[in-house]
Amino acid sequence: MSSSTEPVIDANLAVALDALLTEQSVTRAAARLHTSPAAMSRTLARLRRILQDPLLVRAGQTMVPTPRAQALREETAAVVHRLGALLAPGAGVDPAVLRSTFTLQAADLIGAALAPGMLRLAQQEAPRISFRFRAEDLEAGPALRDGRIDLEIGSIDHVDPETRIEELVTLRMAAAVRPGHPLTEGTLTPERLAAADHVVVSRRGRFTGPLDTALAERNLRRRVAVVLPSHMAAMTLAASSDIVCLIPTAPPGAAPSPLTDPATTLGLRLLDIPLPLPPLTIGMAWHPRHAADGGHHWLRNAVRRTLHAPGGSAD
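## A few points about the overall build of the protein chain
Reasoning step 1: Summing up its helical and strand segments, the protein chain has 11 helices and 11 strands in all.
Reasoning step 2: Relative to a compact globule of 315 residues, whose C-alpha radius of gyration would be 20 Å, the protein chain shows 31 Å and is clearly more extended.
Reasoning step 3: If one aligns the C-alpha atoms of the protein chain with their principal axes, the spans along those axes are about 95 × 50 × 30 Å.
Reasoning step 4: In the protein chain, which comprises 315 residues, the proportion classed as buried is 42%.
Reasoning step 5: A separation threshold of at least 6 residues defines the contact pool for the protein chain, and within that pool the share at least 24 residues apart is 73%.
Reasoning step 6: Carbon and sulfur atoms provide 53% of the accessible area of the protein chain, an area that totals close to 17,200 Å².
Reasoning step 7: Here the protein chain carries 33 positive and 31 negative side-chain charges, and the mean point of each set is 6 Å from the other.

What follows is the structure, given as structure tokens:
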């Protein structure tokens, strides 16, 4: 009984053939591939046996390609190019050819701030990429692990051993009010701030936060008139009433944060809070299986650029 085996494919032969057909010289091809002329001569002899064609023949002081070699030249170059792309590090992928949909989990304010900038970058660099923003409705650790989301952006409060986390920007909280609000006149004091009606943003329905702790240290207490699960809904309410809404903004001296853009669009005034509040750190988290993926590398860098964050070293 006869048996057949698949031919063994040596990619190095394709690379050598490309060099020989491009240089039309054993010596120059050897220099190009950092090998010796003797080794390249042996490779040429092997290629001649396999292809059953002399490929390069002597013509005076030079070598010229045979018709078969000329026919193979473009195809060989294309094969070597594809091999190079196949074996290149993922981070070197050309964003222009990426075709993917990335799922990002973020609070609505972060999504509203990120989406315009991310779309502009995608249109300029990766026009076949789409984004799906999800509300914070999944437990991020398992969702990243299972691939249900590609990136979590926000205040990262889970610490899973395998999750990669990168801090992006540190912000402070400001009081957002409508134009003409009484708090825009005169000096904003802790007492005046506490006396106003407030909206609290909480997915879990909580009425209190860091501002209440800071007020309590001065024996002050604010009135929370309403709790909403959405920053956008809270800002919309503040724009049409005397409700005070807290939103993150850039610290003094820093570049403006895109997280304040939705408030600016709604015409809200941002007031410095005259109390020491803990800073808010916005970060991103991803599963390490994406660390070397070219598309995901572009995604993470696009988030950094949109949030004006410095390049990270957690890739």
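After presenting the structure, the write-up continues.
## Here we look at the packing of aromatic side chains
Where two aromatic rings form a pair, the distance of their centres and the angle of their planes describe that pair.
Reasoning step 1: Scanning all chains against the criterion turns up one aromatic pair.
Reasoning step 2: The interplanar angle of 15° and the centroid separation of 6.5 Å between the aromatic rings of Phe131 and Trp298 together place this pair among those described as stacked. With Phe131 in strand S4 (residues 129–134) and Trp298 in helix H11 (residues 294–306), this pair connects stretches of sequence that are 167 residues apart. The pair formed by Phe131 and Trp298 is uniform in burial state, with each residue classed as buried.
Reasoning step 3: Its guanidinium or amino end placed over the ring of Trp286, Arg300 lies 4.7 Å from that ring's centre, counting from NZ or CZ.

## Let's talk about the packing of helix H5 (residues 108–125) against H11
Reasoning step 1: Running from N to C, H5 and H11 cross one another at 125°; their axes reach a closest spacing of 9 Å. As judged from the angle between their axes, H5 and H11 are oblique. Regarding H5 and H11, the two cross each other, and that crossing is right-handed. Only Trp298, Leu299, Ala302, Val303, Arg305 and Thr306 of H11 make contact with H5, whose side of the interface consists of Ala113, Leu114, Gly117, Met118, Leu121, Ala122 and Glu125.
Reasoning step 2: Counted by class, the contact of H5 with H11 contains nine nonpolar, two polar and two charged residues.

The rules behind the values
Residues numbered from 1 in each chain as written. Predicted model: local features only at pLDDT ≥ 70, side-chain atom pairs only at ≥ 80, totals over all residues. Heavy atoms only, no water. Helix = DSSP H or I, 4+ residues; strand = E, 2+ residues; numbered from the N terminus. Rg over C-alpha atoms; globule rule 2.2 N^0.38 Å. Buried < 20%, exposed > 50% of the residue type's maximum accessible area, 1.4 Å probe, protein only. Contact = heavy atoms within 4.5 Å. Areas by Shrake-Rupley, 256 points an atom, 1.4 Å probe, with all protein chains shown as cover. Lys, Arg positive; Asp, Glu negative; His and termini not counted. Charge placed at Lys NZ, Arg CZ, Asp CG, Glu CD. Phe/Tyr/Trp six-rings, centres within 6.5 Å; stacked < 30°, edge-to-face > 60°. Lys NZ or Arg CZ within 6 Å of the ring centre and 35° of its normal. Axes fitted to C-alpha atoms, helices over the stretch in contact; angles between N-to-C directions. Parallel < 35°, antiparallel > 145°, perpendicular 65-115°, else oblique. Left-handed = near helix turned anticlockwise from the far one by under 90°. Nonpolar A, V, L, I, M, F, W, Y, C, P; charged D, E, K, R; others polar.

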